[in-house]
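Here is how the chains run, residue by residue.
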Amino acid sequence: ELLLGRLLKFLGDIEEFYDCVGGIIGYQIMALELLSVSKSKDSKHRHSKDKFVDFHVPTGLNLLEDTEYASQAALWGIEGLPELGEIYPIGGAGDRLGLMDSDTGESLPAALLPYCGRSLLEGLMRDLQAREFLHFKIFGKQCITPVAVMTSSVKNNHEHIVAICERLEWFGRGRENFRLFEQPLVPVVNAEDGKWLISESLLPVGKPGGHGAIWKLACDRGVFEWLYRHGRKGATVRQVSNVVAATDLTLMALAGIGLRHNKKLGFASCERRPGATEGVNVLIEKQNLDGLWEYGITCIEYTEFEKYGISEPTATNGSLQASYPANTNILYVDLQAAQEVGSRKNASCLPGIVLNLKKAVSYVDHLGFESLRVAG
């Protein structure tokens, strides 16, 4: 009964979250379509020139060059802190880190990685408190920023996050200024045939569904309404593993420009090292069905470079290859704009769905054997 209950909850969560594409069946169709595209060598299955016309290197403010404007933008960000929330997607498995509890051997989520004597999550909170203190020193008013945290059940992520917050007494900020919402796990599909991988307990192998799930999940869980009740208009989104995101003016300037100029979405980027397992930000130029041109800035994950014809710069092509800036996983979002996307009743509420087939998945199969499969 316990196993059956777990299986039903797993399936129920998928059915509920992916209701915008037809539930479990829609999810599987979507996975098979992505798998088909990844296998196909025929250009007609790829995003051809008549759909995505071209990619360009995006232009934006260089904080290192225009220091005067960067300082002004950072001041806007500090002044606007009472209108800003923070959103931390920290439900990822963090498999690349290989973090384990030295006593129990239990795999641990990335948020628990020690850095400078503290967990990464504690580092995020210290960075936020520093900005709040700066607001107090300049404007003489104390503000407590509401923090929304997307967790997941993988590696007991949610329980570990709650345990850290409780042990540190919610960082002295009050439990009411945190909103934790758990990301559903999605079935891992075999790259060969699209079938779900099954673990030793006869449960599907599940992994967090990626950060793109955050907007719909925030809608489903009432996170936007919660931030509105705290008087917030925009939010800074920050991934837990970027430990230098709060260095210098980056976070403050990004949020300051977003608030001041009523921007819907903004990225912070930096120069990308060739071969880095990070996505890039690009200016995308495409023609819609009405024949009109559309432009927008988006992120392309490193797993999708081959699909979109983005090659790594080399010694021979480096001068010709466009150097797209790296996606740093630091965003500014207008809450109403993000809610409008997340509340849509079709697949557009799940932006940028990809199938990562670049790494093998290790799991114990239904026969009790350790297995390694290419899956996504």
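- The name given to the protein chain in an unreviewed UniProt entry is UTP--glucose-1-phosphate uridylyltransferase, with the source organism recorded as Aegilops tauschii subsp. strangulata.

## Some points on the overall build of the protein chain
Then comes step 1: When you go through the protein chain residue by residue, the secondary structure sums to 10 helices and 15 strands.
Then comes step 2: A globule of 376 residues ought to have a C-alpha radius of gyration of about 21 Å, and the protein chain, at 21 Å, matches this closely.
Then comes step 3: The C-alpha extent of the protein chain, read off along each of the three principal axes, is 65 × 50 × 40 Å.
Then comes step 4: Burial analysis of the protein chain (376 residues in total) assigns 44% to the buried set.
Then comes step 5: Contacts in the protein chain between residues far apart in sequence, at least 24 positions, make up 73% of those at least 6 positions apart.
Then comes step 6: When the accessible surface of the protein chain is summed, it comes to about 20,100 Å², and 54% of that surface belongs to carbon and sulfur atoms.

## Side note on the packing of helix α3 (residues 67-79) against helix α8 (residues 250-260)
Then comes step 1: Contact geometry of α3 with α8 gives a least axis separation of 6 Å together with a crossing angle of 75°. Taken together, the axis directions place α3 and α8 in an arrangement best described as roughly perpendicular. Of α8, the residues touching α3 (which contributes Tyr-69, Ala-70, Ala-73, Ala-74, Trp-76, Gly-77 and Ile-78) are Met-252, Ala-253, Ala-255, Gly-256, Ile-257 and Arg-260.
Then comes step 2: Considering only residue class, the contact of α3 with α8 consists of 10 nonpolar, two polar and one charged.

## Structural notes on the nonpolar core
Then comes step 1: Residues Tyr-18, Ile-87, Phe-181, Trp-215 and Phe-224 are the most contacted members of the largest nonpolar core, which totals 32 residues.
Then comes step 2: Per element, the largest residue contribution to this core is five residues, and it comes from helix α6 (residues 214-220).
Then comes step 3: Discounting chain neighbours no more than four positions away, the residues touching Phe-181 are Ala-148, Val-149, Met-150, Thr-151, Ile-214, Leu-217, Ala-218, Arg-221 and Val-223.

## Things to note about unusual backbone geometry
Then comes step 1: Of note, Asn-156 is a non-glycine position whose phi angle comes to about 55°, a positive value.
Then comes step 2: Take Asn-156: it is sitting in the loop between β5 (147-152) and α5 (157-167).
Then comes step 3: The exposure class of Asn-156 is partly exposed, given its relative accessible area of 39%.
Then comes step 4: A positive phi angle is found at Asp-248, which is not glycine, with a value near 55°.
Then comes step 5: Among the structural elements, Asp-248 can be located in the loop between β9 (234-238) and α8.

## A look at the pairing of β5
Two faces make up the sheet, and in a regular strand the side chains alternate between them.
Then comes step 1: Here β5 lies mainly inside the structure; six of its six residues are buried.
Then comes step 2: Bridge count between strand β2 (residues 84-89) and β5: four bridges; the pairing is parallel. Paired with Ile-87 across the two strands is Ala-148, which belongs to β5.
Then comes step 3: The pairing of β5 with strand β6 (residues 178-183) spans six bridges and is classified as parallel. Paired with Ala-148 across the bridge in β6 is Arg-179.

## Looking at the environment of Leu-372
Then comes step 1: Looking at the element boundaries, Leu-372 is found in strand β15 (residues 370-374).
Then comes step 2: By relative accessible area, which is 61% here, Leu-372 ends up exposed.
Then comes step 3: Measuring from C-alpha to C-alpha, the distance between Leu-372 and Lys-359 comes to 9.9 Å, with 13 residues separating the pair along the chain.
Then comes step 4: Among all residues touching Leu-372, those that are not within four sequence positions of it are Ala-360, Val-361 and Ser-362.

Conventions we followed
- Residues numbered from 1 in each chain as written.
- Predicted model: local features only at pLDDT ≥ 70, side-chain atom pairs only at ≥ 80, totals over all residues.
- Heavy atoms only, no water.
- Helix = DSSP H or I, 4+ residues; strand = E, 2+ residues; numbered from the N terminus.
- Rg over C-alpha atoms; globule rule 2.2 N^0.38 Å.
- Buried < 20%, exposed > 50% of the residue type's maximum accessible area, 1.4 Å probe, protein only.
- Contact = heavy atoms within 4.5 Å.
- Areas by Shrake-Rupley, 256 points an atom, 1.4 Å probe, with all protein chains shown as cover.
- Axes fitted to C-alpha atoms, helices over the stretch in contact; angles between N-to-C directions.
- Parallel < 35°, antiparallel > 145°, perpendicular 65-115°, else oblique.
- Nonpolar A, V, L, I, M, F, W, Y, C, P; charged D, E, K, R; others polar.
- Core = buried A, V, L, I, M, F, W, Y, C linked by side-chain atoms within 4.5 Å.
- Pairing = 2+ DSSP bridges.

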